[in-house]
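This is what each chain is made of:
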Amino acid sequence: MAEQRCDVLVAGAGPTGLMLANWLVKLGVDVIVVDGKDGPTRESRALVLQARSIEIYDQLGLGDQVLEAAHRADALAPGARSRVFGRIPLGPLGTEVTPYPYLEILEQSRNEEILYDNLQKLGADVRWETPVTGVAQVDDGVEVKAGNDTIRARFCVGCDGANSTIRKARRIAFEGITNPHRFFVLDALGTGGMVGDAVNVRPGGDDFLLGFPMKGVGTWRVIGLVRDDDGDGELTEDDVRPRLRKFAVTYDRARWFATYRVHHRVAAAFRDGPFFLAGDAAHVHSPVGGQGMNTGLQDAHNLAFKLADVLRGRRRDAWLDRYEAERRPVARRLVSTTDRIFNFVTSQRFLVRTLRRLAVPLFAPLGVRTLPRSSGGSRLFQYVSQIRIHYWMTPDAKRAAHGRRDPVVGRRLPWSGANFAELRSLTWQVHAYGGVTEPDIPDIGLPVHVFPEAAPATSLKPGFLYLVRPDGFVAAESSPAEAPDAFRRAMSD
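## Digging into the overall build of the protein chain
Line of reasoning, step 1. Each helix and strand in the protein chain was counted, giving 13 helices and 24 strands.
Line of reasoning, step 2. The C-alpha radius of gyration computed for the protein chain amounts to 23 Å, which stays within 12% of the reference 23 Å derived for 493 residues, consistent with globular compactness.
Line of reasoning, step 3. Judged by the C-alpha coordinates and their principal axes, the protein chain covers about 70 × 60 × 40 Å.
Line of reasoning, step 4. By the burial criterion, 56% of the 493 residues in the protein chain qualify as buried.
Line of reasoning, step 5. Sequence-distant contacts in the protein chain: of pairs separated by 6 or more residues, those separated by 24 or more amount to 69%.
Line of reasoning, step 6. With an accessible surface of roughly 20700 Å², the protein chain has 51% of that area assigned to carbon and sulfur atoms.

Structure representation (structure tokens):
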């Protein structure tokens, strides 16, 4: 049995683990990645990429490759049973806030393929068929039994899914509920009855359908409720086809079919000393909104920079507490929101079923007409695309702000149309948007980028300086005169 050492052991090579490993290696961290599977995922599984995740891929240098591999859904198509109420174009809702104002459909297996290929290009690899069988905290970090090896590392990150070995070994509670219904997921070929290149959302009285367009003519991901209608004691495609006909949806054959239960759970802690949880190991929820894989990718992005800062001596260990402080509230809010929506969509209570039957035909056509032209539509897009996520930048920031979230500080840097390329430098940096010239900006030892005045909708004000973290979030805002002190405070542990 060999003993090996590294800075970070990543347990799990799904999308979250592979994204984390990519970023850590790119940031110069020594990483070992282990996974009990024999290779990358073959099934499509999760498949929606939101705008914020594509921005992260772009910062990693993979944005164009991801977009080339994906299939674009450029609209939302609400309906009820077999009725369709039109299309809500996504482009107008997000054009001014992100370079990627659409939903990109790229199944989990292709995300993993792209990330694994890039990890190998960066000089690292995954140790497949190497399950974690034991973990322990030691004086200098962690000791993990993986396959036939003993691995000692400063830190261990559990990216090993909803049944996480790391989470269970550390006895971290996985708090939440399981939806009582059974659902099906179907990758259908030769599909008819869907609104093309749009996410189809169709609640029914006692049923619902979600349809996501995939690459390939007539290829769709379909999700809905399944019951043993034929009474044979099994849940199969034969139970699904009659239900789809209620929505006027047909298909020739299935490329993949599975049934599952939906869980809504959040880990009680995302950090336990040198152990961390990310992705499904930390939170699971319904497929409503296509948020799951994206939240895991963003967990990985957030944590990677913090680990690199500590391992390279730029920050003390307490800096890592910011990971849980920032990402766990995001997960809790997401699980709570998707839980409420999913319960409304799937509840079989008479009152809720009646409300769905009456409300959807009334409000869905109204949304088709008004959302593309309203500020509320843009705000909804920003929430779903995860670009409105907000972090409190210091432990006392919420109290100091009386709970009011700043439109810029604590959020991902607003897109001005030409300011994202600088984020590829992966460094702390100072931005200005009109009202100052470079000589006006005090030297605090960081790169400075001066841009033209930004559109008012960005909330980036001329005459102010913005401190931007390597992960693209704005840590502080200040006048030039006060920037040295304000930014140093913001960069402290």
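## Details of the packing of helix α1 (residues 15–26) against helix α8 (residues 292–311)
Line of reasoning, step 1. Where α1 meets α8, the closest approach of the two axes is 8 Å, and the angle between their N-to-C directions is 30°. Between α1 and α8, the crossing angle belongs to the class labelled roughly parallel. Crossing of α1 against α8: the hand is right-handed. Taking contact as the criterion, the partners of Pro15, Thr16, Met19, Leu20, Trp23 and Leu24 in α1 are, on α8, Met293, Gly296, Leu297, Ala300, His301, Ala304, Phe305 and Leu307.
Line of reasoning, step 2. Residue composition of the contact of α1 with α8, by class: 11 nonpolar, 3 polar and no charged.

## A look at α8
Line of reasoning, step 1. An ideal rise of 1.5 Å per residue puts 28 Å on 20 residues; α8 measures up with 29 Å between its terminal C-alpha atoms.
Line of reasoning, step 2. Counting buried positions along α8 gives 19 out of 20 residues, so the element sits mostly inside the fold.
Line of reasoning, step 3. Within two residues after α8, Gly313 carries a phi angle of roughly 80°, on the positive side.

## Quick look at the pattern of salt bridges
Line of reasoning, step 1. Evaluated as defined, the whole model comprises 27 salt bridges.
Line of reasoning, step 2. Measuring nitrogen to oxygen at the nearest pair gives 2.8 Å for the salt bridge that ties Arg469 to Asp471.
Line of reasoning, step 3. Relative accessible area serves as the criterion here: at 3%, Arg469 is assigned to the buried category.
Line of reasoning, step 4. The class for Asp471 is buried, based on a relative accessible area of 4%.
Line of reasoning, step 5. Among the charged side chains, a network of salt bridges with common partners joins Glu3, Arg5, Asp140, Glu143 and Arg152.

## Topic: the environment of Leu460
Line of reasoning, step 1. By secondary structure assignment, the location of Leu460 is in the loop between β22 (448–451) and β23 (465–468).
Line of reasoning, step 2. On the basis of relative accessible area, Leu460 is assigned to the buried category, the value being 3%.
Line of reasoning, step 3. Sequence separation of Leu460 and Pro407 is 53 residues, and the distance between their C-alpha atoms is 8.8 Å.
Line of reasoning, step 4. Excluding residues within four positions of it along the chain, Leu460 makes contact with Val408, Pro414, Tyr433, Ala454 and Tyr466.

## Comments concerning the nonpolar core
Line of reasoning, step 1. Membership of the largest hydrophobic core comes to 135 residues, with the highest contact counts inside it found for Val8, Leu9, Met19, Leu24, Val157, Leu307 and Phe487.
Line of reasoning, step 2. If one sorts the elements of this core by residue count, α8 sits on top with 10 residues.
Line of reasoning, step 3. Apart from the residues within four sequence positions on either side, Val157 is in contact with Val8, Leu9, Val10, Ala11, Leu20, Phe276, Ala278, Leu303 and Leu307.

## Side note on the sheet that holds strand β21 (residues 429–433)
Line of reasoning, step 1. The sheet built from 4 strands is open, its strands ordered β22-β21-β23-β24 with mixed pairing. Each edge of the open sheet is held by one strand with a lone partner, namely β22 and β24 (474–478). The mean inter-strand angle of the sheet, taken between neighbouring strand axes irrespective of direction, is 25°.
Line of reasoning, step 2. Note: β21 against β22, 4 bridges, orientation parallel.

## Structural notes on a nonpolar patch on the surface
Line of reasoning, step 1. Together, Leu362, Phe363 and Leu366 make up a nonpolar patch on the protein surface, roughly 310 Å² of accessible area in all.
Line of reasoning, step 2. Secondary-structure assignment places Leu366 in helix α10 (residues 350–370).
Line of reasoning, step 3. By relative accessible area, Leu366 is classed as partly exposed at 37%.

## Topic: α10
Line of reasoning, step 1. Taking 1.5 Å as the rise per residue, α10 with 21 residues should run 30 Å; its terminal C-alpha atoms sit 30 Å apart, in good agreement.
Line of reasoning, step 2. When the local axis directions of α10 are compared, the greatest deviation, roughly 35°, occurs at Ala359, which is followed within four positions by the proline Pro361.
Line of reasoning, step 3. Taken as a whole, α10 has its buried residues at Val352, Thr354, Arg356, Ala359, Val360, Ala364, Pro365, Gly367 and Val368.

Rules of the game
- Residues numbered from 1 in each chain as written.
- Predicted model: local features only at pLDDT ≥ 70, side-chain atom pairs only at ≥ 80, totals over all residues.
- Heavy atoms only, no water.
- Helix = DSSP H or I, 4+ residues; strand = E, 2+ residues; numbered from the N terminus.
- Rg over C-alpha atoms; globule rule 2.2 N^0.38 Å.
- Buried < 20%, exposed > 50% of the residue type's maximum accessible area, 1.4 Å probe, protein only.
- Contact = heavy atoms within 4.5 Å.
- Areas by Shrake-Rupley, 256 points an atom, 1.4 Å probe, with all protein chains shown as cover.
- Axes fitted to C-alpha atoms, helices over the stretch in contact; angles between N-to-C directions.
- Parallel < 35°, antiparallel > 145°, perpendicular 65-115°, else oblique.
- Left-handed = near helix turned anticlockwise from the far one by under 90°.
- Nonpolar A, V, L, I, M, F, W, Y, C, P; charged D, E, K, R; others polar.
- Expected span 1.5 Å × (residues − 1).
- Salt bridge = Lys/Arg side-chain N within 4 Å of Asp/Glu carboxyl O.
- Core = buried A, V, L, I, M, F, W, Y, C linked by side-chain atoms within 4.5 Å.
- Pairing = 2+ DSSP bridges.
- Patch = residues over 30% accessible without salt bridge, like charges linked within 9 Å, V, L, I, M, F, W, Y side chains within 5 Å.
- Bend = angle between axes of the 7 residues up to and from the residue.

Remember, this is a structural readout, not a statement about activity or role.
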